[in-house]
Amino acid sequence: MKKKTGVIIGLLIAAAVVFMIMAVAVPKHSFRTNFNPVITVENGKAAPEFLQSVMEIGKGGRYVITADWYENEMPGFMTGFSMTDEAGNVIYSIAGGRLKFDSMPMDLAGGRYVCRFDYLCSEADYKAYAQAHQISAETGELGGLFRDGAFEMHYVLKIYESDRWKDIAVIACGLVLGLILAAIILMLARKSDAKTTHYDERQIAVQGKSYKLGFFTMIAYAVLMMAFSSYVGELAEIGVLLLIGIILGAAVTITGLILQDAYFRLDENRRFYGAFFIVITVFNLGMGIVNIIRGNAAMNGKISFTGTANLLLGILSGYVVLLLLIKYIRDKKEETA
């Protein structure tokens, strides 16, 4: 028991050290602001005609500009975004009806920058803006996009410091923290007084069959996706389709492992894992419901990966909880029989 406690304390200290390194590596100079204007378009004119804000960068360096007005209903106008330095030079610009973009890292000197959103209410205005700012304009018939009305918009503008090595350090620290957390969970789930720390022969045989069934389930799913790719590709993003295949394979594998008592080793605490899966289920389902309420589950007429991944993972972990409950009830009945 003392050895286990010592290992956990060591892992916690290591996690604290990695977290401090990550805190140092995270870029400090970043700016974020939100705008929620209501734009009224009448006879091809917007009121107000534009939205403008000034951001001051205290320290020069490499920065990325992020602007997001994607989470809106398609308005009856295009939005042109530009960022101008103190000398009046336009250092970045882009335009579109609904957009979310990140610029390439660019060198910015310290100083004041004017960030402006222009409302372009006709195809002529849009193409003139694109030409003036030297950006590529969308092709095709755009006249149907422009219409009168009142449109409530939500704009998010971020400017954050970009350092390749710091970014790599933050990602690496995140991975290490994840591994340390997994190790702590495994240590907490282990029984110190267990007679053995291995799976027995029966469990290994069941695992082989379960993994085989899971593998063939994923193969069958992949064949179906190829056969109906032209249809399902219009319904969901590729990430969603891939995740569903992984979840189906995992669900088939886990079903055999849990119901045939081959999921846990003899030194693992089932109650701890049960509680862990309940927490994971509640968290992921909660995040999934929030994404649905916010309208993130579908983008451009397709089920989106970022908006549904939590929900799908929550369904999988919830299924694990259900299997554990079924196995618990079965074991209790066998004990009393």
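A quick note: this is a predicted structure, and the numbers were derived from the prediction, not measured. (Residues numbered from 1 in each chain as written. Predicted model: local features only at pLDDT ≥ 70, side-chain atom pairs only at ≥ 80, totals over all residues. Heavy atoms only, no water.)

Undergrad: Quick question: what am I supposed to make of the environment of valine 232 here?
TA: Structurally, the position occupied by valine 232 is in helix 5 (residues 229-232). For valine 232, a relative accessible area of 17% corresponds to the buried category. Setting aside its immediate chain neighbours within four residues, valine 232 contacts Met225 and Leu241. (Helix = DSSP H or I, 4+ residues; strand = E, 2+ residues; numbered from the N terminus. Buried < 20%, exposed > 50% of the residue type's maximum accessible area, 1.4 Å probe, protein only. Contact = heavy atoms within 4.5 Å.)

Undergrad: It is not clear to me how the packing of aromatic side chains should be interpreted in this structure. Could you clarify?
TA: For any pair of aromatic rings, the description consists of the separation of the ring centres together with the inter-plane angle of the planes. Tallied over the entire structure, the rule returns 14 aromatic pairs. Consider the rings of tryptophan 69 and phenylalanine 101, whose centres lie 6.2 Å apart with planes at 85°: the pair is edge-to-face. With a gap of 32 residues between them, tryptophan 69 in the loop between strand 5 (61-68) and strand 6 (78-84) and phenylalanine 101 in strand 8 (residues 100-102) connect regions that are remote in the sequence. Phenylalanine 101 carries the same exposure label as tryptophan 69, and that label is buried. Measuring from centroid to centroid gives 5.6 Å for tyrosine 92 and phenylalanine 101, while their planes differ by 25°, and the two rings are stacked. Of the two residues examined, tyrosine 92 and phenylalanine 101, each falls in the buried class. Taken together through their ring pairs, the aromatic side chains of Phe35, Trp69, Phe77, Phe81, Tyr92, Phe101, Phe117, Tyr119, Phe151 and Tyr155 make up a single cluster. For the cation-ring pair, arginine 98 lies above tyrosine 70, with the distance from its terminal atom to the ring centre recorded as 4.2 Å. (Phe/Tyr/Trp six-rings, centres within 6.5 Å; stacked < 30°, edge-to-face > 60°. Lys NZ or Arg CZ within 6 Å of the ring centre and 35° of its normal.)

Undergrad: Whenever I open this one, the sheet that holds strand 11 (residues 149-152) confuses me. Can you help?
TA: Strand pairing within a sheet occurs via backbone hydrogen bonds; the two strands may be parallel or antiparallel. Strand order across the open sheet formed by three strands is 3-2-11, with antiparallel pairing between neighbours. Of all strands in the sheet, those bounded by a partner on one side alone are strand 3 (45-47) and strand 11. Direction aside, the axes of adjacent strands within the sheet are offset by 25° on average. In terms of strand pairing, strand 2 (residues 38-42) meets strand 3 through three bridges, oriented antiparallel. Bridge pairing links valine 41 to alanine 46 in strand 3. (Pairing = 2+ DSSP bridges. Axes fitted to C-alpha atoms, helices over the stretch in contact; angles between N-to-C directions.)

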